Amino acid sequence: MKAYELMLIITPDHEENEAEALTENVKGIIENGGNIIHTDVWGKRRLAYPIRKRSEGYYVVYVFESEPSFVAQLNQSLRVIEAILRHMIVLYEDDVEKLKLAQTEAVAPETSDADTAEDKPEAEEDSAESHAETEEPAEDTEESV
C-alpha cells in the first residue's frame, strides 16, 4: 500500500453543513478502497483564478493509504460529483509513520489534560502560599523602620 494525498475544492454555493456532508461522502468513498490517515479541513478560501465563474472554494485535504489501482477508481468517482470544482491526487511524500504518530499523540493529550487539571488547583494554592510568604517579610521591615 502507498500513501496518497487528495485535495478537494468544493463549490462555495453550499451551506457549511452541506460541504461537511460532501466531505463525509468522499471519506466513505476513500474508506471503501483504503484507510484514511488524516483529514484536514481548510474551509472557505479565495481561489488563485476563477473556476466555473467562482472566486472562492471550500478546501479539504485527505491523506490516505490504498493500492495504486484504487486511485484510478477514486479519480473517476470524484469526477462525477458536480459540487467538486477541482480535485488532485498525489503521492504523499512526507513520513506516513510520523503522521500516524502525531494522530495518536493528538488523542493521548485529551486524556492527560484531565489528569493535569486536577493537579493545577494544588499548584495555584502553592503559589498563593509562596506569594503570601514573600509579602510578610516586607511588612515586618516597614514596621521596624
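To be clear, the structure that these remarks concern was listed above.
Residues numbered from 1 in each chain as written. Predicted model: local features only at pLDDT ≥ 70, side-chain atom pairs only at ≥ 80, totals over all residues. Heavy atoms only, no water.

Here we look at the sheet that holds strand β3 (residues 54–66)
One key point about sheets: their strands pair by backbone hydrogen bonds, in either a parallel or an antiparallel sense.
Here is step 1 of the chain: Pairing is antiparallel in the open sheet, where four strands are placed in the order β2-β3-β1-β4. Looking at strand neighbours, the two that pair on one side only are β2 (34–51) and β4 (84–91), the edges of this open sheet. Direction aside, neighbouring strands of the sheet carry axes that sit 20 degrees apart on average.
Here is step 2 of the chain: Strand direction decides the pairing type here: strand β1 (residues 2–10) and β3, joined by nine bridges, are antiparallel. Directly across from M7, in β3, lies its bridge partner V61.
Here is step 3 of the chain: Relative to β3, helix α1 (residues 16–33) is tilted by about 25 degrees, and along the sheet it contacts β1, β2, β3 and β4.
Here is step 4 of the chain: Those strands touched by helix α2 (residues 68–80) are β1, β3 and β4, and its axis lies near 170 degrees from that of β4. (Pairing = 2+ DSSP bridges. Helix = DSSP H or I, 4+ residues; strand = E, 2+ residues; numbered from the N terminus. Axes fitted to C-alpha atoms, helices over the stretch in contact; angles between N-to-C directions. Contact = heavy atoms within 4.5 Å.)

Brief notes about the nonpolar core
Here is step 1 of the chain: Counting residues in hydrophobic clusters, the biggest one holds 20 residues, and the most contacted among them are L6, V26, L74 and L78.
Here is step 2 of the chain: If you list the elements that add at least two residues to this core, you get β1, α1, β3 and α2.
Here is step 3 of the chain: Per-element tally for this core: the top contributor is α1, with five residues.
Here is step 4 of the chain: Once you skip the residues sitting within four places of it in the chain, L74 turns out to touch L6, I29, I30, F64 and I89.
Here is step 5 of the chain: Membership of the second largest hydrophobic core comes to six residues, among which are A3, V63, Y92 and V96. (Core = buried A, V, L, I, M, F, W, Y, C linked by side-chain atoms within 4.5 Å. Buried < 20%, exposed > 50% of the residue type's maximum accessible area, 1.4 Å probe, protein only.)

Notes on unusual backbone geometry
Here is step 1 of the chain: At R52, a residue that is not glycine, the phi angle is positive and equals roughly 50 degrees.
Here is step 2 of the chain: Mapped onto the elements, R52 comes out in the loop between β2 and β3.
Here is step 3 of the chain: A residue is classified by how much of its surface remains accessible, and R52, at 46% relative accessible area, is partly exposed.

Examining α2
Here is step 1 of the chain: Buried residues of α2: F70, V71, L74 and L78, and no others. Buried residues of α2, viewed axially, fall in a sector of 105 degrees; they line one side. Along α2, the residues that are exposed and aim more than 90 degrees away from the buried face are S69, A72, R79 and V80.
Here is step 2 of the chain: Summarising the contacts, the buried residues of α2 are in contact with β1, α1, β3 and β4. (Arc of directions from axis to C-beta.)

Describing the environment of Y59
Here is step 1 of the chain: Its location among the elements puts Y59 in strand β3.
Here is step 2 of the chain: For Y59, a relative accessible area of 12% puts it in the buried group.
Here is step 3 of the chain: For the pair Y59 and T11, spaced 48 residues apart in sequence, the C-alpha to C-alpha distance is 9.2 Å.
Here is step 4 of the chain: Those residues in contact with Y59, other than ones at most four positions away along the chain, are M7, L8, I9, V41, W42, G43, R45, R46 and L47.

Some details on the pattern of salt bridges
Here is step 1 of the chain: What the rule picks out here adds up to one salt bridge.
Here is step 2 of the chain: D13 is the partner of R54 in a salt bridge, and the nearest nitrogen-oxygen pair spans 2.6 Å. Taken together, the residues span a long stretch of sequence, with R54 in strand β3 and D13 in the loop between β1 and α1 at a distance of 41 residues.
Here is step 3 of the chain: Classification of D13 by relative accessible area gives exposed; the value is 52%. (Salt bridge = Lys/Arg side-chain N within 4 Å of Asp/Glu carboxyl O.)

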